[in-house]
Number of protein chains: 2
Amino acid sequence: MSQHPGDHDPHAALDDGLDPAQLGIGDMDAATFRRHGHAVIEWIAHYLDGVDDLPVRSRVTPGEVRAQLPAAPPQDPEPFAAALADLDEVLLPGITHWNHPSFHGYFAISGSAPGILGEALTAALNVNGMLWRTSPSATELEELVLDWLRQLLGMSDAWKGLLTDGASTSTMLALAAARERTGLDVRQRGMAGRSDLPLLRVYSSEQAHSSVEKAAIALGLGRDGVRTIGVDDAFRMRPEALTAAIEEDVRFGYRPIAIVATVGTTATTSVDPLPAIADVRDAAVDELGHPIWLHVDGAYGAALAACPEHRHILDGIERADSLVSNPHKWLFTPIDASALLLRDRDALATAFTLVPEYLATDDGEGVDLMDFGVQLGRRFRALKLWLVLRYFGVEGIRRRLRAHVRQARAVAAWVAAHPDIELVVPPEMSTVVFRLRAEGRFGDTEATDTASRRVLDHLDADGRILLSGTVLDDRHVLRLALGNLRTTDAHIDRATAAIDEALQALAGDGGVHP
Amino acid sequence: MSQHPGDHDPHAALDDGLDPAQLGIGDMDAATFRRHGHAVIEWIAHYLDGVDDLPVRSRVTPGEVRAQLPAAPPQDPEPFAAALADLDEVLLPGITHWNHPSFHGYFAISGSAPGILGEALTAALNVNGMLWRTSPSATELEELVLDWLRQLLGMSDAWKGLLTDGASTSTMLALAAARERTGLDVRQRGMAGRSDLPLLRVYSSEQAHSSVEKAAIALGLGRDGVRTIGVDDAFRMRPEALTAAIEEDVRFGYRPIAIVATVGTTATTSVDPLPAIADVRDAAVDELGHPIWLHVDGAYGAALAACPEHRHILDGIERADSLVSNPHKWLFTPIDASALLLRDRDALATAFTLVPEYLATDDGEGVDLMDFGVQLGRRFRALKLWLVLRYFGVEGIRRRLRAHVRQARAVAAWVAAHPDIELVVPPEMSTVVFRLRAEGRFGDTEATDTASRRVLDHLDADGRILLSGTVLDDRHVLRLALGNLRTTDAHIDRATAAIDEALQALAGDGGVHP
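Since we're looking at a predicted model, the values are computed, not measured.

(A) Expanded view of the overall build of chain A. When its secondary structure is counted, chain A shows 16 helices and eleven strands. Relative to the globule expectation of 24 Å for 514 residues, the C-alpha radius of gyration of chain A, 26 Å, shows essentially globular dimensions. With the principal axes as the frame, chain A shows a C-alpha extent of 80 × 75 × 45 Å. The buried share of chain A, taken over its 514 residues, is 60%.

Structural data, given as structure tokens:
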């Protein structure tokens, strides 16, 4: 304060709502933190309790939010309450509410209350668990909750893992381990300008997530390094097509290094046949004498294996090398938290370990999680997941997953009984995929596709619910995702009513072709 | 609840401290959230107010924390208070307190109060800003705060950026853009098995952070793809050595694709000479006719450019292509928040854009930040940074940075006046690097190095402060990092007293060689 004696009169500032600490060089004092902190808790409680009354999707136009905020940072401190007011008045209208019970747009996620409080605690502790010794609890709780997750999914104790920010990172790390397992020493020598390297290939189905291709781009395998395998009529990878692709590639000099199977694809939640894919992998390994990594993308779907009656979706997982499951999707943990589990976690260390002198540790200390990936700094993400697992318990999690599956089946039954729409596939998980019936009252296939896109526009304008669409077999389809803890049966009724109204409005609006 | 009628008697459960919602299928209700939320705020207020009384570094032994927690996840829900009790009794002893005012171990970071509250709000909103339309405010506030940061650092409006989880990711993305700018179409074709690719090379000084090498590993450039350039006696990259390295590499068929300069190296906070390095780059580009990307790692140090009298550390930045500055280091934002600023942000999109059908957007909408990197899912990280910048204001940030620089100079003056220790370099930023005087009372160079490591052990056992060590010019050196908002001049006195006591104890403990 003394450096800028004329700038502020502390008393005037307090009248403006500034905290004394803002005029000094420290952080907020404890009493003031309590005051603002309790206000934030009230804000969150009010938000969570009232989000249902807000339009799901923001109605703002591009640039509208930013235009209402100052283009330059404030020179002087501002009252905390002023920022909270802007949060309400400026930012909230620009929020599409992922935590809304009628958010059915993407795989539904819940920032559950114990997870939210976990994030606050993580931010307060603000530790960096890069090394065991830089905060032993961060590493040990991460190891523990990953083991809890492994048990929840019914997997053997051969698996160890780490938490990352998302499935894109988890899959990239797994494929980096696969790349290193080739024995081609990419870690040291890289891939450019080497005459001793074959073309490298990763296989995934045409329904796999785009993160596989992004990982291949990042890792220098390129989009050409990913070969897409066809699917059956339930959108599952065809093992015989995988065999044929590998055989053809080998004839042309490619080296297969990894297969990515999906448990719960983005478009339809289909489950690739892991045992048959593992058979193809084993046969290729026998023939070629090279390792081929089997990675499983269960970012959304694997969580359902927590229920014994659904555990079959992970049949064959013990033959895989890695699995990604995102607790920030269907496990009620606020974004971000992705679990990468591996049967040989050291394969990641083989690819990535680099210990600069300033982080060198004595022998005999605990595991250093920074050794297993690109990221050095590591948030204490385990805390929120630990709180979520404890707060709900295994049976509580199962009860909730089952409720979402039940809700999805109810929506599916409604779709099946509706004259204008039909299921694309029966839902296996908590996402219902359906389309407008072709040659019905919306006209031919092309007109029906146009109408399908207009259903989304209509629902967006209506604002009560949010769906998303995609294209399957050249037909536009609609996706209704469930999985938010706050979605009740009344919200299901709301969703079906809104969709029905949209269909009626479109039909009455020239969509009918008699 | 009805699915497991015999499991729980709600009244008994409430007696155990369970919330009604835990027995059902929903999330915590608003009233219960208020109760637990306010308890968490009290916990955090108590923690921040009392952290100074805790030992900085955890004293637990490997496995000690985990052994006190159940090996399996709880079958039934547990009271929230039980988890908070375990946080106190089991986890806290295993925390090394990065938010402690006497944490001088690594670049000091502050999880400031407005940032902590920002994280709680982010978790409650739980949006994923992968596309503009999936939450316009997330994208627009991120664009805004990055522009505020740009202005704070005194950079031109040519720069745009994105927030990532850390400098390792930011640097990896920048080098991926560099790799694509070669025109070698690595994005599509990859690098393996191509006879048309030269060896590719990235240059950084021997004082550069290990993240450069990790990025090279991930990107398939390999450790051999990074050539290390020597430094001068102030640990700054030598431009003439860079020129010589590039010339030699070109003679041997390598293609230089990027140079990484550092503003604030990890060991000494040295600042590479950006203008001279940019000159070398320009000369090489003129000669070779290929682009060479200049990335600047200012993860820790760039923040200091907020102060006009220190802005010279970024002289030449307008000739660079990218800069990473981590608000979670010296800008009071809880981990994680790293800003990657680029003069041509679209170079990232050129490397990475992939739009799966389900995320296809209409023309004319806002920018989709998922296009600029590996990660698809994007936390609303901008909110906490926005709150921090508003709460402190530009002048408040400068006042705090200046206080840390002043504290570092005070420590440096104390070191310079101490008979047993000496500065390695005068501090430019908020980290003081010093070493035991060789041939002093600790003996020859080797004995002095041993004594230096024992100083760290002694301080760890003492528990009042945490320092770190590294090796420079084959000598063990000690690092005392400042930058936490809660570090007062009294903590500086505590640090110098603890170091002095450690030195005296070692000298009295056989460390003296007369």
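(B) Fine view of the sheet that holds strand β5 (residues 293-297) of chain B. Residue and element names in this part refer to chain B. Judged by pairing direction, the sheet is mixed, and its seven strands sit side by side in the order β1-β7-β6-β5-β4-β2-β3 without closing on themselves. The open sheet terminates on both sides in strands that have one partner only, identified here as β1 (160-164) and β3 (226-229). The average angle at which neighbouring strand axes cross in this sheet is 20 degrees, direction not considered. Pairing of strand β2 (residues 199-205) with β3, which is carried by four bridges, proceeds in the parallel orientation. Its bridge partner being in β3, S205 is matched across the sheet by I229. Against the sheet, helix α11 (residues 274-288) makes contact with β4 (254-262) and β5, and its axis sits at roughly 170 degrees relative to β4, the strand it touches most.

(C) Quick peek at the relation of the copies chain A and chain B. Of the transformation placing chain A onto chain B, the axial shift is 0.0 Å and the rotation is 180 degrees, giving an RMSD of 0.0 Å. What the superposition gives is, in effect, a two-fold axis relating one chain to the other. A shared binding surface is used by both copies, with 99% of the interface residues of chain A retained as interface residues in chain B.

(D) How the structure looks around the packing of helix α2 (residues 30-50) of chain A against helix α2 (residues 30-50) of chain B. At a closest axis distance of 9 Å, the pairing of α2(A) and α2(B) adopts a crossing angle of 155 degrees. Taken together, the axis directions place α2(A) and α2(B) in an arrangement best described as roughly antiparallel. The crossing of α2(A) and α2(B) is right-handed. Of the residues in α2(B), those touching α2(A) at A:A30, A:F33, A:R34, A:G37, A:H38, A:I41, A:I44, A:A45, A:L48 and A:D49 are B:A30, B:F33, B:R34, B:G37, B:H38, B:I41, B:I44, B:A45, B:L48 and B:D49. Of the residues in the contact of α2(A) with α2(B), the class split is twelve nonpolar, four polar and four charged.

(E) Up close: the packing of helix α5 (residues 113-125) of chain A against α2(B). The N-to-C vectors of α5(A) and α2(B) enclose an angle of 10 degrees; their axes lie 10 Å apart at closest approach. In terms of orientation, α5(A) lies roughly parallel with respect to α2(B). Contacts between α5(A) and α2(B) involve A:A113, A:L117, A:A120, A:L121 and A:A124 from the first element and B:F33, B:H36, B:G37, B:V40, B:I44, B:Y47 and B:L48 from the second. Each residue belonging to the contact of α5(A) with α2(B) can be placed in one class, and the counts come to ten nonpolar, two polar and no charged.

(F) Local environment of the interface of chain A and chain B. Between chain A and chain B, the residue contacts involve 141 residues of the former and 140 residues of the latter. The class makeup of the residues in the side of chain A that touches chain B is 71 nonpolar, 42 polar and 28 charged.

(G) Local environment of α2(B). End to end, α2(B) covers 29 Å across 21 residues, agreeing with the expected 30 Å (1.5 Å per residue, within 8%). Residues of α2(B) that are buried sit in contact with α2 and α5 of chain A together with α4 (80-91) and α5 (113-125) of chain B.

(H) Focus on the domain arrangement of chain A. In terms of domain boundaries, chain A breaks down into domain 1 (10-97), domain 2 (159-354 + 372-377) and domain 3 (389-511). Its C-alpha centre places domain 1 of chain A at a distance of 36 Å from the equivalent point of domain 3 of chain A.

(I) The sheet that holds strand β3 (residues 226-229) of chain A, seen in detail. Residues and elements named next belong to chain A. Within the open sheet, the seven strands sit side by side as β1-β7-β6-β5-β4-β2-β3. Their pairing is mixed. Two strands in the sheet have a free side with no partner beyond their single neighbour: β1 (160-164) and β3. Put simply, the sheet's adjacent strands are angled 20 degrees from each other on average, direction ignored. In this structure, strand β2 (residues 199-205) lies alongside strand β4 (residues 254-262), joined through six bridges in parallel fashion. In the strand pairing of β4, R201 is matched with P256. Along the sheet face, helix α11 (residues 274-288) touches β4 and β5 (293-297) and points at about 170 degrees away from the line of β4.

(J) Main features of the environment of B:A261. Residues and elements named next belong to chain B. Among the secondary structure elements, A261 is positioned in strand β4. Distance from A261 to V212, taken between C-alpha atoms, is 10 Å for residues 49 residues apart in sequence. When near neighbours in sequence (up to four residues on either side) are disregarded, A261 contacts M237, D272, L274, I277, L294 and V296.

(K) A look at the confidence of the model for chain A. Residue and element names in this part refer to chain A. For chain A, mean pLDDT is 93; residues scoring 70 or higher make up 95% of the total. Note that pLDDT drops below 50 for residues 1-11; the model gives that stretch eleven contacts with residues more than four away or on any other chain. With a pTM of 0.96, the predicted complex shows an ipTM of 0.95.

(L) Focus on the environment of B:Y254. All names here are of chain B. Among the secondary structure elements, Y254 is positioned in strand β4. Owing to 20 C-beta atoms within 10 Å, Y254 belongs among the buried residues under this scheme. Sequence separation of Y254 and L197 is 57 residues, and the distance between their C-alpha atoms is 9.6 Å. Residues within four places of Y254 in sequence aside, it is in contact with P198, L199, R201 and D249.

(M) Representation of helix α14 (residues 382-417) of chain B within the structure. Taking 1.5 Å of rise per residue, the 36 residues of α14(B) would be expected to cover 52 Å, yet its terminal C-alpha atoms sit only 44 Å apart, more than 12% below that figure. The principal kink in α14(B), of about 85 degrees, is found at B:G393.

(N) Here's a closer look at unusual backbone geometry. Cis geometry marks the peptide bond from A:I335 to A:D336, where omega comes out at 15 degrees. Counting through the fold element by element, A:D336 comes out in the loop between α12 (327-330) and β7 (338-342). Residues other than glycine seldom take positive phi values, yet B:F235 does so here, at roughly 65 degrees. Structurally, the position occupied by B:F235 is in the loop between β3 and α10 (239-251).

(O) Spotlight on the pairing of strand β11 (residues 475-481) of chain B. All names here are of chain B. For β11, a buried count of six out of seven residues is recorded, marking the element as mostly surrounded by other parts of the structure. Bridge analysis of strand β9 (residues 431-436) against β11 gives four bridges, and the strand direction is antiparallel. Within β11, the position partnered with V432 by the bridge is L480. Of the pairings in the sheet, the one linking strand β10 (residues 468-472) to β11 comprises five bridges and is antiparallel in character. Among the inter-strand pairings, V471 is bridged to a residue of β11, identified as H476. Linking β10 back to β11 in an antiparallel pair, the connection comprises two residues, with D473 at a positive phi of about 50 degrees.

(P) Main features of the environment of A:V280. Residue and element names in this part refer to chain A. Tracing the chain through its elements places V280 in helix α11. For V280, a count of 25 C-beta atoms within 10 Å translates into the label buried. Each C-alpha atom of the pair V280 and A241 lies 10.0 Å from the other, and the pair is 39 residues apart in sequence. Residues within four places of V280 in sequence aside, it is in contact with P239, L242 and T243.

What counts, and at which threshold
- Residues numbered from 1 in each chain as written.
- Chains lettered and ligands numbered in written order.
- Predicted model: local features only at pLDDT ≥ 70, side-chain atom pairs only at ≥ 80, totals over all residues.
- Helix = DSSP H or I, 4+ residues; strand = E, 2+ residues; numbered from the N terminus.
- Rg over C-alpha atoms; globule rule 2.2 N^0.38 Å.
- Buried ≥ 20, exposed ≤ 12 C-beta atoms within 10 Å, placed from the backbone.
- Pairing = 2+ DSSP bridges.
- Axes fitted to C-alpha atoms, helices over the stretch in contact; angles between N-to-C directions.
- Contact = placed C-beta atoms within 7 Å.
- Least-squares fit on C-alpha atoms with pLDDT ≥ 70 in both.
- Parallel < 35°, antiparallel > 145°, perpendicular 65-115°, else oblique.
- Left-handed = near helix turned anticlockwise from the far one by under 90°.
- Nonpolar A, V, L, I, M, F, W, Y, C, P; charged D, E, K, R; others polar.
- Expected span 1.5 Å × (residues − 1).
- Domains from an automatic or database assignment.
- pLDDT = per-residue confidence, 0-100.
- Bend = angle between axes of the 7 residues up to and from the residue.

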